[in-house]
Amino acid sequence: MTIVLPAQAVGAQASASQSPASDTDQVKAAPVDLVTKLFYGFGSVAYGIKDNGFQTFVLLFYNQLVGLPASLAGGAIFLALIVDAVMDPIVGQMSDHWRSRWGRRHPFMYLAAAPVAVSYLALWNPPHWSTGALFAYLVVISIIVRTFITFYEIPSSALAPELTTDYDERTRILGYRYMFGWAGGLGMTFLAYAVFLAPTKRYPIGQLNPAGYAHYGTVAAIIMFFAILISAAGTHRRIPMLRQPPAHRPSSLPAYFKEMVSTLSHRSFAMVALGALFGAMGQGVQFAIALYTGTFFWELTSVQMLILIAQSFAGAILAMTIAPALSKRFDKRATAIGAMALSVVITIAPIALRLLGLFPANHTPALLPTLLVFGSISSSLGIAAAILIASMISDVVEDSEIKTGRRSEGLFFAANSLAQKAVSGTGPLIVGVMLTLVHFPAHAQPGHVAPEVLRSLGLFYVPTFILPYLIAIGFLSAYRIDRTTHQNNLRRLSDAAALAEAAEEAGSLL
């Protein structure tokens, strides 16, 4: 027998255990149509642009061009992340309980579009203030950008487990989300290098052209605005089929937070969330230092940087394909851990080999092709791991619903959103400290940085990058929801819903 759960089925509380589902007795959900997947994923373009902007350009822009010390610039971005730590679960919990004719998620998504665009534009047009005032400006504007991205990203992400309950379909849906997120971030970065930061006679190193960042900010803000609105409008027709908020809201603020703590204390969720957080920290270090290594360590031109960006986009497309295929064969947890571990080894290999004197020298024909090979493999594996981690969080929803009687997609994905934001928060902070410790010069020119400074930077980077990933793999290993567990959870919820419906019908007859 196959039990099919429609997307709009209302979850019910279930406490009685059921027998395990057999291979021929599974709970399945109808697949999500391609148009919905495309609209759902497209909104992540805005998040990708914001994330890549913080990861790639903010630290260098405020340090090398605006003149803010690296430690202060990294610290400002990290302070904004602390505010995120408070806002993310609040927004997630609010969207789980929100009641409106547009459902739980879409009011937040529509609300975010304009403030995200305006604040992101302001980020790249700072005033000519003193160092202390510029530090405060960067803190405040970063908080505003992050807060309104939260109002979009968390409710939008929470749609994934609502659109389908199918174990493998969730991975495919989230594959579209990550593919568009990377396409937005990398595409905007590609445009920045090709157009706004292209070399000129005055600025032969285009990354050091201050005017280019203002133009970049304008175009990025416009794209972010329309990406959010198009995604919200494109998924609007699904509102009647999405889950409804719980019948009863918490009666007071303490009860509100008590419910949040109760939900987030789910063990498997805590393990996957902590794994995502430490993995994002490692990725944040990689992204924050990438412009420094590309410009000063490898001495790449703007055109060569563009080529590296293009291969990362190819890696995102490949990841969308391999993540569902591998997880279907090896399950999500094992695939995520394996992909993450291989990605770390391949990512760190070029720097490690250069420190050992075993990598092609700068400006030689072999340098760029070798970097491309390492980069394409590591990016596809890293993105595949991220897709699978998000899919693992989706599967926590039903497991938690059995224990609490509540569906808390927004609250769960708030933790994942916080992990992703740690990429652009802790990364610049750590790299800012690293640059200070190695005495990296301000207003540096490629080819004129002392070799001992570059070597010290590499020696700091390798262990700093590896450590958070080792911690992440340890946490992911403790996640306990596999395909069989998920099928059993769906069966229990389906049986409980059928019993509740039968009881309601019997009561109406009486």
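Just so you know, the residues in each chain are numbered from 1, in the order the chain's sequence is written. Note on the predicted model: pLDDT of at least 70 is required for a residue's local features to be given, and 80 or more for side-chain atom pairs to be given and counted; whole-chain, interface and lining totals, by contrast, use all residues. Side-chain numbers come from the whole structure's heavy atoms, not from hydrogens or water.

## Section: a nonpolar patch on the surface
Thinking step 1. Candidates for patches are residues over 30% relative accessible area with no salt bridge; among them, like charges are joined within 9 Å and nonpolar side chains (Val, Leu, Ile, Met, Phe, Trp, Tyr) within 5 Å. To be clear on the numbers: accessible area is Shrake-Rupley with a 1.4 Å probe, and residue cover counts the displayed protein chains and nothing else. For this document, the term salt bridge refers to a Lys or Arg side-chain nitrogen within 4 Å of an Asp or Glu carboxyl oxygen. A cluster of nonpolar residues, Ile-222, Phe-226 and Ile-230, forms a patch on the protein surface that exposes about 270 Å² of accessible area.
Thinking step 2. The secondary structure listing takes helices from DSSP runs of H or I that are at least 4 residues long and strands from runs of E that are at least 2 residues long, numbered from the N terminus. The topology assignment puts Ile-222 in helix H8 (residues 210-234).
Thinking step 3. Relative accessibility under 20% of the residue-type maximum defines a buried residue, over 50% an exposed one, and the middle range a partly exposed one, all with a 1.4 Å probe and only protein chains included. Given the relative accessible area of 46%, Ile-222 is considered partly exposed.

## Description of the side chain of Arg-354
Thinking step 1. With respect to the helices and strands, Arg-354 occurs in helix H12 (residues 332-355).
Thinking step 2. Positive charges come from Lys and Arg alone, negative charges from Asp and Glu alone, with His and the N- and C-terminal ends not counted. Nearest to the buried, unbridged Arg-354 among oppositely charged side chains is Glu-299, at 7.1 Å.
Thinking step 3. Excluding anything up to four places from it in sequence, Arg-354 contacts Phe-297, Trp-298, Phe-359, Pro-360, Ala-361, Asn-362 and Leu-367. Residue contacts are counted whenever heavy atoms from the two residues lie within 4.5 Å of one another.

## Comments concerning unusual backbone geometry
Thinking step 1. A positive phi angle, near 55 degrees, is found at Glu-299, a position not held by glycine.
Thinking step 2. Looking at where Glu-299 falls in the secondary structure, it is placed in the loop between helix H10 (267-297) and helix H11 (302-330).
Thinking step 3. Within the chain, His-363 stands out as a residue other than glycine whose phi angle is a positive 70 degrees.
Thinking step 4. Checked against the element boundaries, His-363 lands in the loop between H12 and helix H13 (367-404).

## Structural notes on the packing of H11 against H13
Thinking step 1. Only the stretch in contact is used when a helix axis is fitted, and all axes are lines through C-alpha atoms; the angle between N-to-C directions ranges over 0 to 180 degrees. It is at 7 Å that the axes of H11 and H13 come closest, and there the two elements cross at 40 degrees. Here H13 runs oblique to H11, going by the angle between their axes. In the packing of H11 onto H13, the handedness of the crossing is right-handed. Roughly parallel here means an angle under 35 degrees, roughly antiparallel means over 145, roughly perpendicular means 65 to 115, and every remaining angle is called oblique. Each crossing is labelled by how the near helix is turned from the far one, with a counterclockwise turn of less than a right angle marking it left-handed and a clockwise turn marking it right-handed.

## Quick notes on the nonpolar core
Thinking step 1. Phe-57, Tyr-62, Tyr-120, Leu-123, Trp-124, Tyr-216 and Phe-440 are the most contacted members of the largest nonpolar core, which totals 133 residues.
Thinking step 2. For this core, the element with the highest residue contribution is H13, accounting for 16 residues.
Thinking step 3. In contact with Tyr-120, not counting residues within four places along its chain, are Ile-49, Lys-50, Gly-53, Phe-54, Val-145, Tyr-216, Gly-217, Ala-220, Ala-221 and Met-224. Side-chain atoms within 4.5 Å are what join buried Ala, Val, Leu, Ile, Met, Phe, Trp, Tyr and Cys residues into a set we call a nonpolar core.

## Some thoughts on the confidence of the model for the chain
Thinking step 1. Averaged over the chain, the pLDDT score is 86; the fraction of residues at 70 or greater is 90%.
Thinking step 2. Note on residues 1-27: pLDDT is under 50 here. Beyond four places in sequence and across chains, it has 57 contacts. The predictor attaches a confidence to each residue, called pLDDT, with possible values from 0 through 100.

## So, empty space enclosed by the protein
Regions of empty space are outlined by a rolling probe, equal in size to a water molecule, passed over the atoms.
Thinking step 1. Buried and open spaces are told apart on a 1 Å grid over the protein atoms alone, a cavity being a set of points where a 1.4 Å probe fits but cannot get out and a pocket being an open set with protein on both sides within 12 Å along at least five of seven lines. Residues with an atom within 4 Å of a point are the lining residues. Grid points are joined across faces, edges and corners, and a volume is the space filled by probe spheres set on the points. Inspection of every chain in the model, using the stated rule, returns three cavities of 30 Å³ or more.
Thinking step 2. In this structure, the largest cavity is lined by 49 residues; those nearest its centre are Gln-286, Phe-287, Ala-290, Ser-312 and Thr-347.
Thinking step 3. Residue composition of the lining of the largest cavity, grouped by class: 29 nonpolar, 20 polar and no charged. Each residue is assigned to one class: nonpolar for Ala, Val, Leu, Ile, Met, Phe, Trp, Tyr, Cys and Pro, charged for Asp, Glu, Lys and Arg, and polar for all the others, Gly among them.

## Let's talk about the side chain of Asn-362
Thinking step 1. Looking at the element boundaries, Asn-362 is found in the loop between H12 and H13.
Thinking step 2. Whenever a nitrogen or oxygen atom comes within 3.5 Å of another N or O atom, the pair is scored as a polar contact, on the condition that within protein one atom can donate a hydrogen and the other can accept it, and that pairs from neighbouring residues in sequence are kept only if both atoms are in side chains. In this structure the side chain of Asn-362 is engaged in a polar contact, spanning 3.0 Å, whose partner is the backbone oxygen of Phe-297.
Thinking step 3. For Asn-362, the contacting residues outside a window of four places in its chain are Phe-297, Trp-298, Glu-299, Arg-354 and Leu-367.

## Details of helix H5 (residues 131-157)
Thinking step 1. When the terminal C-alpha atoms of H5 are compared, their 37 Å separation across 27 residues agrees well with the 39 Å that a helix rising 1.5 Å per residue should span.
Thinking step 2. For a residue, the bend is simply the angle between two axes, fitted respectively to the seven-residue segment ending there and the seven-residue segment starting there. Remark: the principal bend of H5, roughly 30 degrees, maps to Thr-150. In this scheme, a helix's expected span is set at 1.5 Å multiplied by one less than its residue total.

## Things to note about the pattern of salt bridges
Thinking step 1. Counted under the stated rule, the structure contains 20 salt bridges.
Thinking step 2. A salt bridge links Arg-237 to Asp-33, with the shortest nitrogen-to-oxygen separation between them at 3.1 Å. Residue Arg-237 is found in the loop between H8 and helix H9 (253-264), and its partner Asp-33 is found in the loop between strand S2 (27-28) and helix H1 (34-42); the two are separated by 204 residues along the sequence.
Thinking step 3. Arg-237 sits in the partly exposed class, given a relative accessible area of 45%.
Thinking step 4. Among the salt bridges present, the one from Glu-401 reaches Arg-407, with a minimum N-O distance of 2.9 Å. We note that Glu-401, like Arg-407, is buried.
Thinking step 5. Through salt bridges with shared partners, a single ionic network connects Asp-96, Arg-104, Arg-105, Glu-162, Arg-170, Lys-332, Asp-395, Glu-398, Glu-401, Arg-407 and Glu-409.

## A word on the environment of Thr-436
Thinking step 1. Here Thr-436 is to be found in helix H14 (residues 409-437).
Thinking step 2. Considering only alpha carbons, one finds Thr-436 and Ser-71, 365 residues apart in sequence, at a separation of 6.9 Å.

## Observations regarding the environment of Gly-75
Thinking step 1. Topologically, Gly-75 is positioned in helix H3 (residues 70-97).
Thinking step 2. Classification of Gly-75 as buried rests on a relative accessible area of 14%.
Thinking step 3. Measuring from C-alpha to C-alpha, the distance between Gly-75 and Ala-478 comes to 32 Å, with 403 residues separating the pair along the chain.
Thinking step 4. Among residues more than four places away in sequence, those in contact with Gly-75 are Phe-135 and Leu-429.

## Topic: H12
Thinking step 1. In this model, H12 (24 residues) spans 35 Å end to end at C-alpha, consistent with the 34 Å of a helix rising 1.5 Å per residue.
Thinking step 2. If you look at H12, its biggest bend is around 40 degrees, right at Ala-349, and the proline Pro-350 turns up within four residues after that.
Thinking step 3. Gly-357 lies just past H12 and shows a positive phi near 75 degrees.

## So, the packing of aromatic side chains
Thinking step 1. Any two of the Phe, Tyr and Trp rings considered here, Trp counted by its six-membered ring, make a pair once their centres fall within 6.5 Å; the pair's planes then place it as stacked at under 30 degrees, edge-to-face at over 60, or tilted in between. As enumerated under the stated definition, the model contains 28 aromatic pairs in all.
Thinking step 2. These aromatic residues form a ring-pair network of at least three members: Phe-57, Phe-61, Tyr-62, Tyr-120, Trp-124, Tyr-193, Tyr-213 and Tyr-216.
Thinking step 3. Throughout this description, the term charge over a ring refers to an Arg CZ or Lys NZ atom that lies within 6 Å of the ring centre and within 35 degrees of the ring normal. Lying over the aromatic face of Tyr-47, Lys-50 brings its terminal NZ or CZ to 4.7 Å of the ring centre.
Thinking step 4. The residue whose ring lies beneath Lys-332 is Tyr-167, and the NZ or CZ to ring-centre distance is 3.9 Å.

## Things to note about the packing of helix H4 (residues 106-123) against H5
Thinking step 1. Taken N-terminus to C-terminus, the directions of H4 and H5 make an angle of 155 degrees; their axes are 8 Å apart at the nearest point. The angle between H4 and H5 falls in the class roughly antiparallel. In this structure, H4 crosses over H5, and the sense of that crossing is left-handed. Counted together, Phe-108, Met-109, Leu-111, Ala-112, Pro-115, Val-116, Ser-119, Tyr-120, Ala-122 and Leu-123 of H4 and Tyr-137, Leu-138, Ile-141, Ser-142, Ile-144, Val-145, Phe-148, Ile-149, Phe-151, Tyr-152, Pro-155 and Ser-156 of H5 form the full contact between these two elements.
Thinking step 2. When the residues that make up the contact of H4 with H5 are grouped by side-chain class, the tally is 19 nonpolar, three polar and no charged.

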